[in-house]
Amino acid sequence: MKHTSKPSILILYTGGTIGMVENPQTGALENFGLERFTQLFPELNRQPYNIDYLTLEHPIDSSDMEPKNWVEIARKIADNYERFDGFVVLHGTDTMAYTASALSFMLENIAKPVILTGSQLPIGKLRTDGKENLLTSLEIAAARNRSGGAMVPEVCIYFDSCLMRGNRTTKVNAEGFNAFRSYNFPPLATAGINIRFSPSLIRHPDPLRPFTPHFALDDRVMLLTLFPGIRQEYVEAALLTTDIKALVLKTYGSGNAPQKPWLAPLLHQLSGRGVIIVNNTQCNEGAVEMARYETGLQLLQAGVVNGYDSTIESSLTKLMLLLGSGLSPQEITLRMNESLAGEITL
Ligand code: ASP
């Protein structure tokens, strides 16, 4: 890459609707290559940045995303970290919030923007939302603050005029262009005629510590959603017969669970064995407060850890990273009670 005053941006293409085309035989959307993508979007050549492209070894529908793909994405960013001012990751919407959450923990103390975006309609369609999403993501990835540093040195999702902290997002709409919401944290920027940033909400790296990428994830985690009538034998089959290391429990309201005679003792048994159990509410907005009701207090007493106002995507990926780092259950519990990348409000 030449050294010029133009910002240098790396576009990493991972797949998703933005780069898909209809298979004439089945009518289903399938990925096409990066080359075809740039042909369909010639405006990319007219941007005031030095743009380079990379692609995953096999671009995929994001429903096929796995932790190993997050590692591949994180590696490509880490390997190219010094050469570029910012990164735009093109990704399917289905699991984009999981990837953004995972990357926010894997790319510790990042000082450059990583903006994930995609679209609900392929780039080849006239009404595509992909062009605006990508062009504005490039502008955000290139934006500088007054002191010349990156305007948004965070892992974010940009979608439908809104820039959100990645580990605060959830996919909420399978139809409209407003596919993502950040329920518990305000947008970092909104884009209209101008892109309006909210500098006081944007995180900055610790200047005394280096950028430290992590590539070890442990997927021995499980998610269990409570519902009225949930059966003991099914829960036991899921939790007792496996070598599970962490469980995200989707509870009611402010972190409450039914007072079934078997549930709290089972959780107590698991936490006694070193399984980290994190309490996340089924509500989109608001935080867990286990001491508020007896139905929540029983969980606290069983050793369940507070998930605060975290998204499910963030809790699961944070646990994968902490387990992958080889920390003890006590250390992981401590870290779950800390904000590592702005993922919880304390
Ligand atoms: N199934 C697609 C994907 O997540 C949906 C999308 O990109 O919007 O890859």
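Refer to the structure above for everything that follows.
What comes next is a walk through the structure. It should be emphasised that the depicted structure is a prediction, and the values quoted were computed from it without experimental measurement. (Residues numbered from 1 in each chain as written. Predicted model: local features only at pLDDT ≥ 70, side-chain atom pairs only at ≥ 80, totals over all residues. Heavy atoms only, no water.)

Notes on the overall build of the protein chain
Convention followed: Secondary structure follows DSSP: runs of H or I at least 4 residues long count as helices, runs of E at least 2 residues long count as strands, and numbering of each begins at the N terminus. Only C-alpha atoms enter the radius of gyration, while the globule expectation follows 2.2 Å times N to the 0.38, with N the number of residues. When a residue's accessible area, from a 1.4 Å probe over protein chains only, is under 20% of the maximum for its type it is buried; when over 50% it is exposed; and in between it is partly exposed. In what follows, residue pairs with any heavy atoms lying within 4.5 Å of each other are defined as contacts. Computed with the Shrake-Rupley method and a 1.4 Å probe, the accessible areas treat only the protein chains shown as cover for residues.
Looking only at helices and strands, the protein chain features nine helices and 18 strands. A compact globule built from 346 residues would reach a C-alpha radius of gyration of about 20 Å, and the protein chain, at 21 Å, matches this within 12%. Each principal axis of the C-alpha atoms in the protein chain carries an extent, and together these give about 65 × 55 × 35 Å. Here the protein chain holds 346 residues, and the buried ones make up 51% of them. In the protein chain, the share of contacts with a sequence separation of at least 24, taken over all contacts with a separation of at least 6, comes to 73%. Accessible area of the protein chain: about 15800 Å², with a carbon and sulfur share of 51%.

Description of the sheet that holds strand β1 (residues 8-13)
As a reminder of what qualifies: Pairing between strands requires that DSSP locate at least two bridges from one strand to the other. Helix axes are fitted only over the stretch in contact, all axes being lines through C-alpha atoms; the angle between N-to-C directions runs from 0 to 180 degrees.
An order of β4-β1-β5-β7-β8-β9-β12-β13 is seen for the eight strands of this open sheet, with the pairing classed as mixed. In the strand order of this sheet, the two ends are held by β4 (50-55) and β13 (195-197), each with one partner. Between one strand and the next, the sheet's axes are offset by a mean angle of 20°, whatever the strand orientation. Relative to strand β9 (residues 162-165), strand β8 (residues 155-159) runs antiparallel, the two being bridged by four bridges.

Things to note about the pattern of salt bridges
For clarity, the cut-off: When a carboxyl oxygen of Asp or Glu is within 4 Å of a side-chain nitrogen of Lys or Arg, the pair counts as a salt bridge.
Applying the stated criterion to the full structure yields 16 salt bridges. Arg-231 serves as the salt-bridge partner of Glu-233, at 2.6 Å between the closest nitrogen and oxygen. Residue classification places Glu-233 among the partly exposed residues on the basis of a relative accessible area of 40%.

Quick notes on helix α2 (residues 67-79)
Our working definition: To estimate how far a helix should extend, the number of its residues minus one is multiplied by 1.5 Å.
Compared with the 18 Å implied by 1.5 Å per residue over 13 residues, the 18 Å span of α2 between its first and last C-alpha is a close match. Taken as a whole, α2 has its buried residues at Pro-67, Asn-69, Trp-70, Val-71, Ile-73, Ala-74, Ile-77 and Ala-78.

Digging into the site of the ligand
For clarity, the cut-off: Throughout, the term near means that a residue has one or more heavy atoms lying within 4 Å of the molecule or strand in question. Polar contacts, as used here, are pairs of N or O atoms within 3.5 Å; protein pairs need one atom able to donate a hydrogen and one able to accept it. Residues neighboring in sequence count only if both atoms are side-chain atoms. Charged residues are taken to be Asp, Glu, Lys and Arg, nonpolar residues to be Ala, Val, Leu, Ile, Met, Phe, Trp, Tyr, Cys and Pro, and polar residues to be all remaining types, Gly included.
Within the structure, the ligand sits among Gly-16, Thr-17, Asp-61, Ser-62, Gly-92, Thr-93, Asp-94, Ser-119 and Gln-120. Taking Thr-93, its side chain carries an N or O atom lying 2.4 Å from an oxygen atom of the ligand. Between the ligand and Ser-119, the relevant distance is 3.4 Å, taken from an oxygen atom to a main-chain nitrogen or oxygen of the residue. Bound to the protein, the ligand loses 90% of the 270 Å² it would expose on its own. Looking at the shell around the ligand, its residues break down into no nonpolar, seven polar and two charged.

Re the packing of α2 against helix α3 (residues 96-106)
The axes of two packed helices give the description: the angle between them and the distance between them. Threshold: Throughout, the term roughly parallel applies to angles under 35 degrees, roughly antiparallel to angles over 145, roughly perpendicular to angles from 65 to 115, and oblique to all others. For a crossing to be left-handed, the near helix must be turned anticlockwise from the far one by less than a right angle; the clockwise case is right-handed.
Two elements in contact, α2 and α3, have axes separated by 10 Å at closest approach and are oriented at 55°. Comparing the axis directions of α2 and α3 gives the class oblique. Crossing hand, α2 versus α3: right-handed. Along the contact surface, α2 presents Trp-70, Val-71, Ile-73 and Ala-74, while α3 presents Tyr-98, Thr-99, Ala-102, Leu-103 and Met-106.

What to know about the sheet that holds strand β15 (residues 221-225)
Read from one edge of the open sheet, four strands run β15-β16-β17-β18, paired in parallel fashion. The sheet is open, and its two edges are formed by β15 and β18 (305-306), each paired on a single side. As judged from the five bridges shared by β15 and strand β16 (residues 246-251), these two strands associate in the parallel manner. Along β16, the bridge assignment pairs Leu-223 with Val-248. Contacting β17 (276-281) and β18, helix α9 (residues 329-336) runs over the sheet at an angle of about 20° to β17.

Brief notes about the packing of helix α5 (residues 232-240) against helix α6 (residues 263-272)
Axis separation between α5 and α6 bottoms out at 12 Å; the angle between their running directions is 5°. By the angle class used here, α5 and α6 are roughly parallel. Two secondary-structure elements touch here, α5 through Val-235, Glu-236, Leu-239 and Leu-240 and α6 through Leu-266, Gln-269 and Leu-270. Taken together, the residues of the contact of α5 with α6 sort by class into five nonpolar, one polar and one charged.

Re the pairing of β1
Most of β1 sits inside the fold, with six of its six residues counted as buried. Because side chains alternate across β1, one face comprises the buried residues Ser-8, Leu-10 and Leu-12, and the other comprises Ile-9, Ile-11 and Tyr-13, equally buried. When β1 meets β4, the two strands line up parallel, connected through six bridges. When the sheet's bridge partners are listed, Leu-12 is paired in β4 with Leu-54.

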